[in-house]
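Residues per chain are reported as follows:
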Amino acid sequence: MARFTITYFPVRGRAEAMRLLLADQGAEWKDEVVPIQEWMAGESKLKKEAVFGQLPKFQDGNYVLYQSNAILQYLGHEFDLCGKNNKEAGVIDMMNNGAEDFRQKFSRFVFTEYDTGKEKYLADLPKQLCQFETFLSKHPGGFITGGQISYADYNLLDLLHLHLSLDPDCLKAFPLLKAYVSKMDARPKIKAYMESDACKNRPAHPKEKR
Ligand code: GTS
């Protein structure tokens, strides 16, 4: 029986970074899928129970958590993905917060301007990407904290995947980010997960046309 359960809508969305982390760490989890229409139709028990009335919900046995970044941090502690010391942990949290700001911009675009604002969003995108590229140029080693993968790497990887699905050329001017994605995607367990039907059949977000 899987130790972990992720309850979320039938998209990659805010649950995908934790799935990438679990897959890469060789952990098993179960996905409980909540149809969006069912959630929106009324005050479901699940919605009432959710601390902030939102998903994803995460369970480790009887232990329940909400808030995707708290879940990622919890998994970071469970799998020793929070850096070797307090200073590394601070940098990892900083980059995860930066990834969250980036995700919020992306979510705003998806939910409010997806059909009309793609050109504008993509024109602005290099500003965000440049911040992560510059960070990597000052922190060589392949991951956010150099030689050791952290929970924030899975969040950054997911964001880069989301943007590559929006524009496959978006990393052309960002060689370090491009190499970062290639290196992360080549990790055997990430590769196997991304090739799985479960991953391939799940849209990135509710607006993705397939
Ligand atoms: N800060 C929360 C987190 O990081 O988990 C945000 C969660 C959130 O916004 N969830 C949305 C939701 O439950 C879905 S999504 O934005 O992740 O796609 N929406 C339904 C609702 O009733 O608010």
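Described below are features of the structure shown in this document.

Moving on: the pairing of strand β1 (residues 4-8). Summarising burial for β1: five of the five residues are buried, a large majority. Side chains Phe4, Ile6 and Tyr8 of β1 all project onto a buried face; the interleaved residues Thr5 and Thr7 project onto the opposite face, where all are buried too. Both β1 and strand β2 (residues 29-33) contribute to a ladder of five bridges, which runs parallel. Note that in β2 the partner of Ile6 across the bridge is Asp31. The β-α-β motif built from β1, the intervening helix α1 (residues 16-24) and the parallel element β2 has right-handed crossover chirality. Alignment of β1 against strand β3 (residues 57-60), held across four bridges, turns out to be antiparallel.

Counting residues in each nonpolar core, the largest one holds 63 residues, and the members touching the most others are Phe58, Leu75 and Leu129. Only β1, α1, α4 (68-78), α5 (86-113), α6 (118-138), α7 (151-166), α8 (175-185) and α9 (188-195) provide two or more residues apiece to this core. Here Leu75 is in contact with Phe4, Met18, Leu21, Leu22, Phe58 and Leu81, once residues within four sequence places are set aside.

We now examine the site of the ligand. Lining the immediate surroundings of the ligand are Tyr8, Phe9, Arg14, Trp39, Lys47, Gly53, Gln54, Leu55, Pro56, Gln67, Ser68 and Phe111. Here a nitrogen atom of the ligand sits 2.8 Å away from a polar atom, N or O, in the main chain of Leu55. At 2.6 Å from an oxygen atom of the ligand is found a side-chain nitrogen or oxygen belonging to Ser68. Contact with the protein chains removes 77% of the 540 Å² of surface that the ligand exposes when unbound. According to the grid-proximity analysis, the pocket containing the ligand is the largest pocket. Its residues placed into classes, the shell around the ligand shows six nonpolar, four polar and two charged.

About the cut-offs
- Each chain has its residues counted from 1, following the order in which its sequence is written.
- Given that the model is predicted, a residue must reach a pLDDT of at least 70 before its local features are reported, and side-chain atom pairs must reach 80 or more before they are shown or counted; all residues, however, enter totals for whole chains, interfaces and linings.
- Side-chain descriptors were evaluated using all non-hydrogen atoms of the structure, hydrogens and water having been removed beforehand.
- Classification of residues uses two cut-offs on accessible area relative to the type maximum, computed with a 1.4 Å probe and protein chains only: under 20% is buried, over 50% is exposed, and between them is partly exposed.
- Helix and strand assignments follow DSSP, with helices taken as H or I runs no shorter than four residues and strands as E runs no shorter than two, numbered in order from the N terminus.
- Any two strands with at least two DSSP bridges between them are considered paired.
- Here the term right-handed applies to a crossover when the path leading from its first strand over the helix to its second strand runs clockwise, the strands being oriented away from the viewer.
- Put simply, a nonpolar core is a bunch of buried Ala, Val, Leu, Ile, Met, Phe, Trp, Tyr and Cys residues held in one set by side-chain atoms that sit within 4.5 Å of each other.
- The criterion used for residue contact is that any of the two residues' heavy atoms lie within 4.5 Å.
- Think of it this way: one heavy atom of a residue within 4 Å of a molecule or strand is enough to make that residue near it.
- We call two N or O atoms a polar contact when they sit within 3.5 Å, provided that within protein one can donate a hydrogen and the other can accept it, with sequence-adjacent residues counted only if both atoms are side-chain atoms.
- Here the open area of atoms and residues is found with the Shrake-Rupley method and a 1.4 Å probe, where only the protein chains shown may cover a residue.
- Here a cavity denotes grid points, spaced 1 Å and computed from the protein atoms alone, that fit a 1.4 Å probe unable to get out, and a pocket denotes an open set having protein on both sides within 12 Å along at least 5 of 7 lines; residues with an atom within 4 Å of a point are the lining.
- More than half of a molecule's atoms within 2 Å of the grid points is what it takes for that molecule to sit in a cavity or pocket.
- Residues are grouped as follows: Ala, Val, Leu, Ile, Met, Phe, Trp, Tyr, Cys and Pro are nonpolar; Asp, Glu, Lys and Arg are charged; all remaining types, including Gly, are polar.

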